[in-house]
Amino acid sequence: MSQYWNPLVQQLEPYVPGEQPKDQRYVKLNTNECPYPPSPTVLAAIQAELTSTLRLYPDPNADLFKDAIAQYYDLERPQVFVGNGSDEVLAHIFHALFKPNQPLLFPDISYSFYPVYANLYQLSLQQIPLADDFSVDLAAYVQPNGGIIFPNPNAPTGSAIGLAEIETLLQANQQSVVVIDEAYIDFGAETAIPLIKCYPHLLVVQTLSKSRSLAGLRAGFAVGHPDLIEALERVKNSFNSYPLDRLAIVGAAAAMHDQAYFTELCQKIIKTRTTTIASLQALGFQVLPSAANFVFTRPPTGNAEALYLALKEQGVLVRHFKKPRIQEYLRITIGTDEEMQILLTKLKTLVA
């Protein structure tokens, strides 16, 4: 039936999400979900919203959620855009802010949705190679472009970029939008959100899927100059006026307000990450520095795919990428201490 397709669709290579198998119960360390439940205030807010008002459309502007973000980061509501997960927010950014007549720049080893969106919206692209140590070299991005996007920390490598280096790029590149995808920012890196007050071409994207345990709720946001936000609102209201439902709006707002729970959860994951890295290194694994809720690691013999398959057979899921330069590495989500101990026990046997 493909003869009825738009020709563009035939050229698309869709994003492939991490495995969500249903054949058995796994220790799931492959999709960077949080191993801990959401804040109790989130569940209470959602429960309170389960009334007859579900027959009514939600607030198309999700002002309750926007105001919670603005309060948290000391911003104004016109500086905030929200969407159905940061993936939808990113999709609108690609459509609204990146120029088609010059290449979009992003790392060659990075979030694999970027080339998908670039192709979907028919943008030219140029992937900038990571350095030999897998770090992002922002100096290489100072060249003519139709936009720049990169994660900080990077995925799947976990490396973080300092604000001084980011600000140097912003000063050198003022003719196009610079987007920083901060999905993993809360696990050890420093957000660039304070810089939006000085740089009107900076847009910062975050998600509530990781550090606020809401991957199943689908809530993300972008913050930046009101002119950038207006462009996103125009695209959003030309696509779907109601991207966040009533439950997502109240749950996301509650998550932003519960600072104590958020801080405790992040510190718990960081502590487990530290012990996991030490244990992996003791087994002979090479582990890249990580400021995320995952580690990127090379087994002693580089047999990452075989190890991934062996772990899956034993009920533990990690992520393996069949891509040049990183095919000998595994990305491992940081779970609970108990889950990481199960992983390490199996790895000790498999490596031996």
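Structural data are supplied above this passage.
The structure contained in this document is the topic of the report that follows. Starting afresh in each chain, residues are numbered from 1 along the sequence in its written order. Local features in a predicted model are, by the rule used here, given only for residues with pLDDT of at least 70; side-chain atom pairs are given and counted only at 80 or more, and totals for whole chains, interfaces and linings are based on all residues. In computing side-chain values, all of the structure's heavy atoms are included and hydrogens and water are not.

### With respect to the packing of helix α9 (residues 259-282) against helix α11 (residues 337-351)
Part 1 of the reasoning: Fitting a line to C-alpha atoms yields each axis, with helices limited to the stretch in contact; the angle taken between N-to-C directions then spans 0 to 180 degrees. A run of H or I in DSSP becomes a helix once it reaches four residues, and a run of E becomes a strand once it reaches two; helices and strands are each numbered from the N terminus. Put simply, α9 and α11 touch, their axes get as near as 11 Å, and they point 10 degrees apart. Between α9 and α11, the angle falls in the class roughly parallel. Contacts between α9 and α11 involve T272, T276, S279 and L280 on the former and, on the latter, D337, M340, L344 and L347.
Part 2 of the reasoning: Taken together, the residues of the contact of α9 with α11 sort by class into 4 nonpolar, 3 polar and 1 charged. Roughly parallel refers to an angle under 35 degrees, roughly antiparallel to one over 145, roughly perpendicular to one between 65 and 115, and oblique to any angle outside these ranges. What makes two residues a contact is simply this: any of their non-hydrogen atoms within 4.5 Å. Residues are grouped as follows: Ala, Val, Leu, Ile, Met, Phe, Trp, Tyr, Cys and Pro are nonpolar; Asp, Glu, Lys and Arg are charged; all remaining types, including Gly, are polar.

### Considering the side chain of K66
Part 1 of the reasoning: For K66, the location among the structural elements is in helix α3 (residues 63-73).
Part 2 of the reasoning: Looking at K66, the relative accessible area reads 6%, which means it is buried.
Part 3 of the reasoning: Excluding residues that lie within four positions of it along the chain, K66 makes contacts with N61, R77, V80, F81, V82 and E233. Exposure is judged per residue with a 1.4 Å probe applied to protein chains only, and the accessible area is read against the type maximum: over 50% gives exposed, under 20% gives buried, and values in between give partly exposed.

### Let's talk about the pairing of strand β5 (residues 147-151)
Part 1 of the reasoning: The buried fraction of β5 is high, at 5 of 5 residues.
Part 2 of the reasoning: In short, DSSP must find at least two bridges between two strands for them to pair. The pairing of strand β3 (residues 104-107) with β5 spans 2 bridges and is classified as parallel. Within the sheet, the bridge partner assigned to L105 lies in β5 and is I148.
Part 3 of the reasoning: Where β5 and strand β6 (residues 178-181) come together, 4 bridges link them in parallel fashion. Following the sheet pairing, P151 is matched in β6 by D181.
Part 4 of the reasoning: Each parallel crossover has a hand, and the one from β5 via helix α6 (residues 163-172) to β6 is right-handed. Handedness rule for crossovers: strands pointing away from the viewer, path from the first strand over the helix to the second running clockwise, crossover right-handed.

### Here's the deal with the pattern of salt bridges
Part 1 of the reasoning: Within this document, salt bridges are pairs made up of a side-chain nitrogen of Lys or Arg and a carboxyl oxygen of Asp or Glu, the two lying within 4 Å of each other. Per the counting criterion, the structure on display carries 11 salt bridges.
Part 2 of the reasoning: In this structure, the salt-bridge partner of K66 is E233, at a minimum N-O distance of 2.7 Å. Taken as a pair, K66 in helix α3 and E233 in helix α7 (residues 226-236) lie far apart in primary sequence, 167 residues in all. An identical accessibility class is assigned to K66 and E233; each is buried.
Part 3 of the reasoning: Ionic pairing is found between D186 and R212, a salt bridge with its closest N-O pair at 3.9 Å. Highlighted residues: D186 in the loop between β6 and β7 (202-207) and R212 in the loop between β7 and β8 (220-224), separated in sequence by 26 residues.
Part 4 of the reasoning: On the basis of relative accessible area, R212 is assigned to the buried category, the value being 4%.

### Section: the packing of aromatic side chains
Part 1 of the reasoning: Within 6.5 Å between ring centres, the rings of Phe, Tyr and Trp (the latter by its six-membered ring) count as paired, and their orientation is classed by plane angle as stacked under 30 degrees, edge-to-face over 60, tilted in between. On inspection of all chains with the given rule, the structure shows 19 aromatic pairs.
Part 2 of the reasoning: Aromatic pair Y15 and Y111: ring centres 5.7 Å apart, planes at 75 degrees, arrangement edge-to-face. Separated by 96 residues along the polypeptide, Y15 in the loop between α1 (7-11) and β1 (27-28) and Y111 in the loop between β3 and α5 (113-120) bring together distant segments of the chain.
Part 3 of the reasoning: Since its relative accessible area comes to 22%, Y15 is described here as partly exposed.
Part 4 of the reasoning: Ring geometry for Y141 against F150: centres 6.4 Å apart, planes inclined by 55 degrees, an arrangement best described as tilted.
Part 5 of the reasoning: Judged by its relative accessible area of 0%, F150 is buried.
Part 6 of the reasoning: Taken together, the ring pairs connect Y15, F94, F98, F106, Y111, F113, Y114 and Y117 into an aromatic cluster.
Part 7 of the reasoning: Residue placement shows R212 over the ring face of Y72; its charged tip is 5.2 Å from the ring centre.
Part 8 of the reasoning: For a lysine, the NZ atom is tested; for an arginine, the CZ atom; a charge sits over a ring if that atom is within 6 Å of the ring centre and within 35 degrees of the ring normal. In this arrangement the basic side chain of R212 is found over the ring face of F262, its NZ or CZ atom lying 4.0 Å from the centre.

### Structural notes on the nonpolar core
Part 1 of the reasoning: The definition of a nonpolar core used throughout is a set of buried Ala, Val, Leu, Ile, Met, Phe, Trp, Tyr and Cys residues joined through side-chain atoms within 4.5 Å. With 54 residues, the main nonpolar core has F65, I69, F150, I166, L202, F221 and V223 as its most contacted residues.
Part 2 of the reasoning: Examining the composition of this core, we find that 7 residues originate from one element, helix α8 (residues 246-257), more than from any other.
Part 3 of the reasoning: Sequence-distant contacts of V223, defined by excluding residues within four places in its chain, comprise I69, L75, Q79, V80, I193, I196, L202, L203, V204 and I229.
Part 4 of the reasoning: Counting 32 residues, the second-largest nonpolar core is a separate cluster that includes C34, A155, L265 and L330.

### Digging into the packing of helix α4 (residues 85-96) against α7
Part 1 of the reasoning: Running from N to C, α4 and α7 point in directions that differ by 105 degrees, and their axes come no closer than 9 Å. The angle between the axes of α4 and α7 places the two elements in the roughly perpendicular class. Where α4 approaches α7, its residues H92, I93, H95 and A96 are matched on the opposing element by A231, L232, V235 and K236.
Part 2 of the reasoning: Taken together, the residues of the contact of α4 with α7 break down into 5 nonpolar, 2 polar and 1 charged.

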